[in-house]
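Chains, contacts and geometry: an overview
Residues per chain are reported as follows:
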Amino acid sequence: MYLNKVIKRSLVAVCASLGSLAITNPALAGDLPIGSKDDPLRVMMIPADTGGADVTEDYKPVFDAIADEFGIHFELKAGSSYAAVVKGLCAEQTDLAWYGAVTFGQANDLCGAELLAVDVKKGESVYFSGIYVARDSKLNTLADLKGKSLAVGSVSSTSSFNFPMAMIINANIDPVKDLSKIVIAGSHTNSIAALKEGRVDAAAASFNSWEKAVNNGIIDPSKFKVLAKSEPIPNPPMAMNKNLSPELKAKLRKAFNNIHKHVSAEKIRGYGGKKVDRYDADYPQEKMLAVLKKLSQVTDDLKREIVDKAGER
């Protein structure tokens, strides 16, 4: 079900409204949980559609293993939206959060959220966004999207909205003026479904979500093709409150760097609950933020215009 116009606008605006919160609600390290059994670190997971129905169940085994092996205890919960997970960390309601790259950038800007770790699969700590079309369409380059319709996921999503929009802009297409229609589907899965059902000419989603749809028989790869693939995007990061003590931050990094040595491979899960090989807690935060700078053309004002366009009937 698509979000109505009011809700969609609030998703864009809520992070901007957090700026004052980050300033007026500072916390001291002594006010935050210490990660003991009686005072666990609060972890919030961003909603995603690549894992099970309850993403906290996907992650619980590895967090339980960290508690057993490194003595750091956690309380897990799922956020209701991308914006809610940003707000949770910046409002001192959570201590760790798993974000998409763009939402990490928002949390870093608003309250100094620090990179803790990214997940690694087959030696890679990056993933890709894509724009997909019907194989028998006459669309062969991004420039061909002028006058066509596009489905995207959440406005806060890195790979189903922000990177695809940046790719389109770099192809000299104004998404507001040049696209005939934009459907904000709310998730990668819904964006892909809009293309499959013929409601749009093109759809944006991560390659992970597209491949999952193909592997699950939702999409017939003989009927669709990749119109464009993004540059490498750092895997969605786990972030931590900047006010945690230096000792606890170091202990967390050690735990995430080494937990794969202590548990079965089935317990190592990444963003959205997908199976990964390990975590990299040494990935440079500067490298993550440098990639996000490339999205500077996808401004908040442009997002609001896109939301307005998507709300047109």
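One can find the structure itself at the top, above this paragraph.
Thresholds, definitions, all that
- Residues numbered from 1 in each chain as written.
- Predicted model: local features only at pLDDT ≥ 70, side-chain atom pairs only at ≥ 80, totals over all residues.
- Heavy atoms only, no water.
- Helix = DSSP H or I, 4+ residues; strand = E, 2+ residues; numbered from the N terminus.
- Buried < 20%, exposed > 50% of the residue type's maximum accessible area, 1.4 Å probe, protein only.
- Contact = heavy atoms within 4.5 Å.
- Areas by Shrake-Rupley, 256 points an atom, 1.4 Å probe, with all protein chains shown as cover.
- Pairing = 2+ DSSP bridges.
- Axes fitted to C-alpha atoms, helices over the stretch in contact; angles between N-to-C directions.
- 1 Å grid on protein atoms, 1.4 Å probe; cavity = no way out; pocket = protein on both sides within 12 Å on 5 of 7 lines; lining within 4 Å.
- Points joined across faces, edges and corners; volume = space filled by probe spheres on them.
- Nonpolar A, V, L, I, M, F, W, Y, C, P; charged D, E, K, R; others polar.
- Phe/Tyr/Trp six-rings, centres within 6.5 Å; stacked < 30°, edge-to-face > 60°.
- Lys NZ or Arg CZ within 6 Å of the ring centre and 35° of its normal.
- Arc of directions from axis to C-beta.
- Core = buried A, V, L, I, M, F, W, Y, C linked by side-chain atoms within 4.5 Å.

Secondary structure summary: the protein contains 11 helices and 13 strands in total. For the protein, the proportion of its 313 residues judged to be buried stands at 53%. Considering only residue pairs separated by 6 or more positions, the protein has 78% of its internal contacts joining residues 24 or more positions apart. Total accessible area computed for the protein in this model is approximately 13,800 Å², and 50% of it derives from carbon and sulfur atoms.

Attention now moves to helix 3 (residues 82-90). Most of helix 3 is tucked away: seven of the nine residues are buried. For helix 3, the full list of buried residues reads Tyr 82, Ala 83, Val 85, Val 86, Gly 88, Leu 89 and Cys 90. Trailing helix 3 by a residue or two, Glu 92 shows a phi angle of about 60 degrees, which is positive.

It is worth spelling out the sheet that holds strand 2 (residues 74-78) at this point. Taken together, the six strands give an open sheet; going across it, the order is 2-1-3-12-4-13, and neighbouring strands pair in mixed fashion. The outermost strands of the open sheet, each flanked by one partner alone, are strand 2 and strand 13 (278-280). Across the sheet, the axes of successive neighbouring strands diverge by a mean angle of 25 degrees, strand direction being ignored. Note: strand 1 (residues 41-45) against strand 3 (residues 96-98), three bridges, orientation parallel. Bridging from a neighbouring strand, Met 45 pairs with Trp 98 of strand 3.

Unfilled space is identified by rolling a water-sized probe across the atoms. Using the criterion set out here, one finds one cavity of 30 Å³ or more in the structure. In this structure, the largest cavity occupies an estimated 130 Å³ of space. As for the largest cavity, its lining consists of 14 residues, of which Tyr 127, Ser 159, His 188, Pro 236 and Tyr 271 are closest to the centre. Within the lining of the largest cavity, the residues separate by chemical class into four nonpolar, nine polar and one charged.

Here the focus is the packing of aromatic side chains. A ring pair, where both rings are aromatic, is described by two values, the distance of the centres and the angle of the planes. If you walk through the whole model with that rule in mind, you get 10 aromatic pairs. Taken together, a centroid distance of 5.1 Å and an interplanar angle of 35 degrees make the contact between Tyr 59 and Trp 98 tilted. In this pair, Tyr 59 is assigned in helix 2 (residues 55-70) and Trp 98 in strand 3, connecting sequence segments 39 residues apart. Among the aromatic residues, those joined into a ring-pair cluster are Tyr 59, Phe 63, Phe 74, Trp 98, Phe 256 and Tyr 279. Positioned above the aromatic ring of Phe 128, the side-chain terminus of Lys 229 is 4.3 Å from the ring centre. Over the ring of Phe 207 we find Lys 229; its NZ or CZ atom is 4.9 Å from the centre of that ring.

Before going further, it helps to spend a moment on helix 8 (residues 207-215). Within the sequence span of helix 8, burial applies to Phe 207, Ser 209, Trp 210 and Ala 213. Looking straight down helix 8, one finds that the buried residues subtend no more than 165 degrees of arc, so they occupy a single side. Residues of helix 8 that are buried make contact with strand 6 (129-134), helix 7 (188-196), strand 9 (202-206) and strand 10 (224-229). Just downstream of helix 8, Gly 217 is the residue with a positive phi angle, here 75 degrees.

Within the largest apolar cluster, 86 residues are counted, with the highest numbers of intra-cluster contacts made by Tyr 99, Leu 145 and Leu 252. In this view, Leu 252 contacts Leu 41, Ile 72, Phe 74, Leu 96, Leu 116, Met 240 and Leu 244; residues no more than four positions away in its chain are not counted. Listed in part, the 14 residues of the second largest apolar core include Val 183, Ala 203, Ala 213 and Ile 219.

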